[in-house]
Amino acid sequence: MILLFKYLSRDLIKKKSMISVLFLFTVFISFMYFFVHFSIDKNWLILNEILEQNGNLSADEAKYYTALQNNQILIRNITVAMMSIFSIILFMFMKNFIHKNETNIGHILSMGFLEHDVIIALVFATACFSIIGSLVGLVLGYFGSSILMNANMETYLINGIVKGINIKTLLIGTLLTTAVFCVVTYATGIGMGRKDVALMIKHMDKKEPHPGLIEALVSRFPIKDKFKFKLTMKNISAVLFIVVAVVTFNIMFVLSVSLFFSGKKIIETQTTNRDYSYDVSYNNYMTNNNQSETEDIYYLKEEGTIELEGDTLQYNIVGLDHTSSLFQLVDKNNKAINIEEGIILNPELEENYGLKVGDEIHLIVAGEAYAIPVVASAVNADLKTIYIPKQQLAKMLSQNSMSYNGVLTNRRLEDGVVTTFEDKIATIQRGLTSNKASAVINQSIGVITGCLLIYLALLIGLNNNMKSILIFDLLGYNNREVNKVLLNPHMILINIFFWITLPIGVYVARGIQIMTSIQTGDYMPFQINIVTVAYMLFILNLLCFLVRALFAIKIKHIIYAERQAEFLQEW
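Residues numbered from 1 in each chain as written. Predicted model: local features only at pLDDT ≥ 70, side-chain atom pairs only at ≥ 80, totals over all residues. Heavy atoms only, no water.

Caption draft 1: Expanded view of the environment of Ile512. Mapped onto the secondary structure, Ile512 falls in helix α16 (residues 479–520). Judged by relative accessible area, which is 24%, Ile512 ranks as partly exposed. With 261 residues separating them in the primary sequence, Ile512 and Ile251 have C-alpha atoms 9.3 Å apart. (Helix = DSSP H or I, 4+ residues; strand = E, 2+ residues; numbered from the N terminus. Buried < 20%, exposed > 50% of the residue type's maximum accessible area, 1.4 Å probe, protein only.)

Take a look at the structure:
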């Protein structure tokens, strides 16, 4: 069994480029996981102990506790997504490896080894590079977590943040991930022994693949020189792998760019149409019968509960009787919204929960339930806030219409709790940067992963044409002619698949971001524009150009060394 493992491992190692990419995938998955958990686990335990002993946390500790919860949800979603993607890649790679090494496997089976023996050897090889990759990611995550810990100390003004993980995290990040990849490899090998050993040794199928599907697909496109595309797309699995790679690339890039710009979008909306200097709040209800004589905006503010299907949201309910140049609610067309009977939504409820104008919201205020229609949606509404007429909210709170517990003003008032506009925005920025270090690094890894996946898909696709390329060379075709027939179509196909699958990538990325936003409770507006698409297209074509150049160099070396016969025998 050991000799069998060594023999198959030697064949795997020959695929240096592909094995290197797979290894980097395992390192990145492990790094992302441990990078976040080294900064979470011990601090989560400490805060839970403080909560049990004292019954409550300080304001900064409570914010940090919430951030730790959010980071746990975020890294769980990212890890599951990355493992799912890697499982697909591993499955297709192993399928391709088994097919290309069918002759060698046939020889092994003819010597008395069982299909199960071959599968176990491949599973053991998978376990080896997965464990090593996980341990490398563990070490990198340990040192990298210092970045996130320092960011948390600056954001939440908390000292005593420590680094460490618990046993459960360690086992999940190493053994569980390895077990999942081993199961994928085992599933890939099932059925390899059903084929006749003699046919495996000859590397022949009982029935030739039917070319009608590829020809039909290519024929539907208005493409010149369709023959070269039929030749390029003769391997269905390689084409599917390229499609999966492009879709994943699109998802990773769209999600990364959207998360990066979502914070900027929030700051933009929280500063739009606001020209007040102070937000003064009061612990008790105040009364002023001369509110209309000043430009100041007097408002009522109360915490309430929004009941949705399967969800309850804690929201601020602000009652306004008018707006002014100090603060003006606007819609997505930048038109002013008049305060009228009903609810004015904020963007979070519209984007994440699908609420829209005309819907009815079930609201609980001061223990009483109300059903109120939505009359407008304001793009610059405060976070976690909806608006209704002040008179309507005053009635719910059993107060008179002149009551208020907050004022937006440019005058420095002596009473009440005064918050400057600059401090308010700074607080929002602190909240947005709570997860910025982990988000930026994790999304950067996601982008690199998307690029590696494109590289691997192209490499497999080009390698599948290795035999045809060498035959064309032996027939006397020059390198430029061969590249035009067999390499250039891959570049064109990837660009076609990019545009076809871009809506899918945007849809999935938006769904992931909304799901993460709902789970963490932090609003993350989805952002995409033409610049993002152009940037993605540039990176994609740059990758294609680099892989094509590297592969052309490899072919040139084979031809110059006159090793065509050796490689033709292998392929």
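More follows now that the structure is in view.
Caption draft 2: Representation of unusual backbone geometry in the model. The residue Ala366 is not glycine, and still its phi comes out positive at about 55 degrees. Take Ala366: it is sitting in the loop between β5 (360–365) and β6 (368–377). Residue Ser398 is not a glycine yet carries a positive backbone phi of 60 degrees. Of note, Ser398 is situated in the loop between α12 (390–396) and β8 (403–409).

Caption draft 3: Examining the packing of aromatic side chains more closely. One pass over the structure, following the stated rule, counts 15 aromatic pairs. Relative to Tyr65, the ring of Trp44 lies with its centre 4.6 Å away and its plane at 5 degrees, an arrangement referred to as stacked. With Trp44 in helix α2 (residues 16–54) and Tyr65 in helix α3 (residues 59–100), this residue pair connects regions lying 21 residues apart in the sequence. For Tyr65, a relative accessible area of 15% gives the class buried. Among the aromatic side chains, those forming a connected cluster through ring pairs are Tyr33, Phe34, Phe38, Tyr142 and Phe143. (Phe/Tyr/Trp six-rings, centres within 6.5 Å; stacked < 30°, edge-to-face > 60°.)

Caption draft 4: Seen up close, the pairing of strand β2 (residues 297–308). Of the pairings in the sheet, the one linking β2 to β8 comprises three bridges and is antiparallel in character. The residue of β8 that forms the bridge with Ile297 is Leu408. Two strands pair when backbone bridges link them, and β2 and strand β3 (residues 311–320) are joined in this way by nine bridges, in the antiparallel orientation. Each residue of the ladder has a partner; that of Ile306, found in β3, is Leu313. Counted between consecutive antiparallel strands, the loop separating β2 from β3 contains two residues, among which Gly310 sits at a positive phi close to 80 degrees. As paired strands, β2 and β5 are joined by three bridges and run antiparallel to one another. Residue Thr305 lies in a different strand from β5, and its bridge partner there is Ile364. (Pairing = 2+ DSSP bridges.)

Caption draft 5: Spatial organisation of the pattern of salt bridges. Overall, the coordinates contain eight salt bridges when judged by the stated rule. For the salt bridge of Arg274 with Asp382, the shortest nitrogen-to-oxygen distance reads 2.5 Å. One end of the pair, Arg274, is in the loop between α10 (236–271) and β1 (278–287); the other, Asp382, is in the loop between β6 and β7 (385–389), and 108 residues separate them in sequence. The same class applies to Arg274 as to Asp382, namely buried. Between Asp279 and Lys424 there is a salt bridge, with the nearest N and O atoms lying 3.7 Å from each other. One end of the pair, Asp279, is in strand β1; the other, Lys424, is in helix α13 (residues 421–432), and 145 residues separate them in sequence. Residue classification places Asp279 among the buried residues on the basis of a relative accessible area of 12%. Salt bridges sharing partners connect three or more residues here, namely Arg274, Asp279, Asp382 and Lys424. (Salt bridge = Lys/Arg side-chain N within 4 Å of Asp/Glu carboxyl O.)

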